[in-house]
Amino acid sequence: MESYTFWYHHGERVAESGTDEGESEDVESGEEIKEIIRDLYPSINESEFDKDTSNYEMRGENPNLEAEKFYRLLKDLDEEVYPGCKTSKLAAVIKLLHIKSLGQWTNRSFDMLLEWLFEILPNGCTLPKSYYEAKQIVKDLGLSDKKMDACINNCMLYWKEEENSDLCNICGSSRWKENNNDGEVKVKSNGKKVPRKILRYFPLKPRLQRLFMSKKTTSLMRWHHGRKDDGVMRHPTDSIEWKSFNELHKEFSSEPRNVRLGLSSDGFQPFSHSKTPYSIWPVILIPYNFPPQMCMKESNFILSMIIQGPESPGDTIDVYLKPLIEELKELWEVGVETFDASTRQNFRLHASLLWTINDFPAYANLSGWSTKGKLACPCCNKETSSLRLTNCKKKCYMGHRRYLPHNHKWRNDRSNFDGEKELRSPPKLVTGFDVLDQVKDLTELALTKDINKKVKISHDKRGDNWNKWSIFFELPYWSSLLLRHNLDVMHIEKNICENVLGTIMSVKGMSKDTFQARLDLN
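Note that the structure is predicted; figures quoted are calculated from it, not measured.

**Here we look at the packing of helix α3 (residues 89-103) against helix α5 (residues 131-138)**
Piece 1. Where α3 contacts α5, the axes come no closer than 10 Å and their chain directions differ by 120°. Classified by the angle between their axes, α3 and α5 sit oblique to one another. Note on packing geometry: the crossing formed by α3 with α5 is left-handed. Residues Lys89, Leu90, Val93, Ile94, Leu97 and Lys100 of α3 lie in contact with α5, whose contacting residues are Tyr131, Ala134, Ile137 and Val138.
Piece 2. Looking at the contact of α3 with α5 residue by residue, the classes come out as eight nonpolar, no polar and two charged.

Printed below as a string of structure tokens:
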């Protein structure tokens, strides 16, 4: 249509526009990679870049750990892929890993490519021979992960004081041992074979520091500061939550480079054609300092951890979140020394977590409020209006007229609703401090999937739907947040839309207007 206006901006000025969604960023050349290394190690003297590192060990000097990593990267940057090649070994490895990520290649396919490159490239090729070797080359850029074993019942991580322990402190189960080819070990308590449970944790601080080490991104990390409020919601910075947080924590908000984060997590089955049950839970952080067209780009997401196991962690996900929560507490209270490439100066970077984004079942796991039963709504809390249907266990959630204005005509309408007037006010907003008061008796509750150690909670006796005290309340600012948990847009827009359209259009297999639904409605 000629009269149609194609809207492709979110209200930002042209100068603020970032990379288009379909573009793939160019991988840096040798000089740009040298700039990255220079930004990564700002304390290294500029003259060190011009030194010959080949005879470093011959001089009998022992560099410190930071300098050792620096010289190792510099050596890979100076080394050619093969004699006469203009591309350095480090640049080639970064380029190949970047393509692997964009193309979603498997590790095996990447190994096959490297094997083939060795066959066609001239003698003296310096490329790594496997994906593992490629990771070892770039690990000094701070992109490596920490692998931690977990108890088979999700009671604890073998981390910090328990790192060398062989038994779980809570359920007494034996730790998984790497002594069987099939990846299983017999548990002494019951003799069952269970797969290994692993947490792969990617430290957050190096990834946040990296956002300021490139001149391409450091200026965009201040994008949200000083924007004019025109009453239109284009970005989380326009939200009431963001403004309330600024008012409560003025010292934090006074530095526009401090990072605001959102957390999202959900489980999926990685083996699409396998009958074996398996659940992987990635935990992803979203930096909201970027403009709207950049903060939700996949390339800007921060993978914080991967929870691997044969089943969903459920409420025990808090056990796996401990390393992240500890690092977030440190980033809030202490911060981390960070180099700003645009000003060529160091500053103390702090970070905060604003909220989580999940579907309804994961909402329950992270918040601690069960999203099942008669009190399923976490916002209505104890004031949830529910009704049990006759002759079945289904629950329906009623009482929505209470959200209407007090003088609305439908409040007094008996015939078109449930035969009663609606005189109640909307449920009171539950603050973080209210939640803390409700769960104060659950703070010492041990989270485990061991039937013998797990404490059963009666929601009827408690009068609420709390299953646990959430680990997020360890964050000093969490109880003061107005909005702690969000439902993701996809499940609300896509699923509800499909159900409505399927019912209206009588789509076979998708309509909700069924015989049983008619009986439930009656």
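Resuming the write-up.
**Observations regarding a nonpolar patch on the surface**
Piece 1. Judged by side-chain polarity, Phe360, Leu487, Ile492, Ile496, Val500, Leu501, Ile504, Met505, Val507 and Met510 come together as a nonpolar surface patch covering roughly 900 Å² of accessible area.
Piece 2. The element best represented in the nonpolar patch is helix α15 (residues 489-504), accounting for five residues.
Piece 3. Structurally, the position occupied by Leu501 is in helix α15.

**Examining the sheet that holds strand β6 (residues 279-287)**
Piece 1. Sheet architecture is open: seven strands sit in the order β1-β4-β7-β6-β5-β10-β13, paired in mixed fashion. Two strands bound the open sheet, and with one partner strand each, they are β1 (146-149) and β13 (485-487). With direction set aside, neighbouring strand axes in the sheet form an average angle of 20°.
Piece 2. Of the pairings in the sheet, the one linking β1 to strand β4 (residues 198-201) comprises four bridges and is antiparallel in character. The residue of β4 that forms the bridge with Asp149 is Ile198.
Piece 3. Each of β5 (259-265) and β10 (351-358) touches helix α8 (residues 240-248); the most contacted strand, β10, lies at about 155° to it.

**Some details on the environment of Thr126**
Piece 1. The residue Thr126 is located in the loop between α4 (107-120) and α5 in this model.
Piece 2. Thr126 sits 43 residues away from Pro83 along the chain, and the two C-alpha atoms are 9.4 Å apart.
Piece 3. Among all residues touching Thr126, those that are not within four sequence positions of it are Glu79, Glu80, Val81 and Lys89.
Piece 4. A polar contact is formed between the side chain of Thr126 and the backbone oxygen of Glu80, at a distance of 2.7 Å.

**Quick notes on the packing of aromatic side chains**
Piece 1. Taken as a whole and assessed by the stated rule, the structure comprises 12 aromatic pairs.
Piece 2. Between Trp410 and Phe417, the ring centres sit 6.0 Å apart and the planes meet at 55°, which makes this aromatic pair tilted.
Piece 3. Look at Trp410 and you get partly exposed, because its relative accessible area is 43%.
Piece 4. Relative accessible area serves as the criterion here: at 38%, Phe417 is assigned to the partly exposed category.

**Details of unusual backbone geometry**
Piece 1. The residue Asn154 is not glycine, and still its phi comes out positive at about 60°.
Piece 2. Its location among the elements puts Asn154 in the loop between β1 and β2 (184-186).
Piece 3. Residue classification places Asn154 among the buried residues on the basis of a relative accessible area of 2%.

**Thoughts on the pattern of salt bridges**
Piece 1. Applying the stated rule across the entire model yields 27 salt bridges.
Piece 2. Of the charged contacts, one joins Arg518 and Asp513 as a salt bridge, the two residues approaching to 2.7 Å between their closest N and O atoms.
Piece 3. Residue classification places Asp513 among the partly exposed residues on the basis of a relative accessible area of 41%.
Piece 4. Three or more residues are tied together by salt bridges with common partners; here these are Arg222, Glu255, Arg257 and Asp340.

**Re the layout of surface pockets**
Piece 1. A volume near 600 Å³ is recorded for the second largest pocket.
Piece 2. Around the second largest pocket, the lining comprises 22 residues; the ones closest to its centre are Leu387, Leu389, Cys396, Met398 and Leu521.
Piece 3. Put simply, the parts of the chain that give the lining of the second largest pocket at least two residues each are β11 (386-388) and α16 (515-521).
Piece 4. Broken down by element, the lining of the second largest pocket gets its largest block of residues, four residues, from α16.

**Notes on the confidence of the model for the protein chain**
Piece 1. When pLDDT is averaged along the protein chain, the result is 83, and 83% of the positions lie at 70 or above.
Piece 2. Note on residues 12-27: pLDDT is under 50 here. Beyond four places in sequence and across chains, it has 25 contacts.
Piece 3. Across residues 179-188, confidence stays below pLDDT 50; counting only partners more than four residues off in sequence or on other chains, it has 24 contacts.

**Topic: the nonpolar core**
Piece 1. In terms of nonpolar packing, the biggest core is built from 63 residues, with Leu204, Leu208, Leu261, Leu321, Leu324, Leu353 and Phe472 touching the most fellow members.
Piece 2. Top element by residues in this core is helix α11 (residues 317-333). It accounts for nine residues.
Piece 3. Among residues more than four places away in sequence, those in contact with Leu261 are Leu204, Leu208, Leu285, Ile286, Pro287, Tyr288, Leu328, Ala351, Ser352, Leu353, Leu354 and Trp355.
Piece 4. Residues Leu74, Phe110, Val138 and Leu141 belong to the second largest nonpolar core, which totals 21 residues.

Calculation notes
- Residues numbered from 1 in each chain as written.
- Predicted model: local features only at pLDDT ≥ 70, side-chain atom pairs only at ≥ 80, totals over all residues.
- Heavy atoms only, no water.
- Axes fitted to C-alpha atoms, helices over the stretch in contact; angles between N-to-C directions.
- Helix = DSSP H or I, 4+ residues; strand = E, 2+ residues; numbered from the N terminus.
- Parallel < 35°, antiparallel > 145°, perpendicular 65-115°, else oblique.
- Left-handed = near helix turned anticlockwise from the far one by under 90°.
- Contact = heavy atoms within 4.5 Å.
- Nonpolar A, V, L, I, M, F, W, Y, C, P; charged D, E, K, R; others polar.
- Patch = residues over 30% accessible without salt bridge, like charges linked within 9 Å, V, L, I, M, F, W, Y side chains within 5 Å.
- Areas by Shrake-Rupley, 256 points an atom, 1.4 Å probe, with all protein chains shown as cover.
- Salt bridge = Lys/Arg side-chain N within 4 Å of Asp/Glu carboxyl O.
- Pairing = 2+ DSSP bridges.
- Polar contact = N/O pair within 3.5 Å; in protein donor to acceptor, adjacent residues only side chain to side chain.
- Phe/Tyr/Trp six-rings, centres within 6.5 Å; stacked < 30°, edge-to-face > 60°.
- Buried < 20%, exposed > 50% of the residue type's maximum accessible area, 1.4 Å probe, protein only.
- 1 Å grid on protein atoms, 1.4 Å probe; cavity = no way out; pocket = protein on both sides within 12 Å on 5 of 7 lines; lining within 4 Å.
- Points joined across faces, edges and corners; volume = space filled by probe spheres on them.
- pLDDT = per-residue confidence, 0-100.
- Core = buried A, V, L, I, M, F, W, Y, C linked by side-chain atoms within 4.5 Å.

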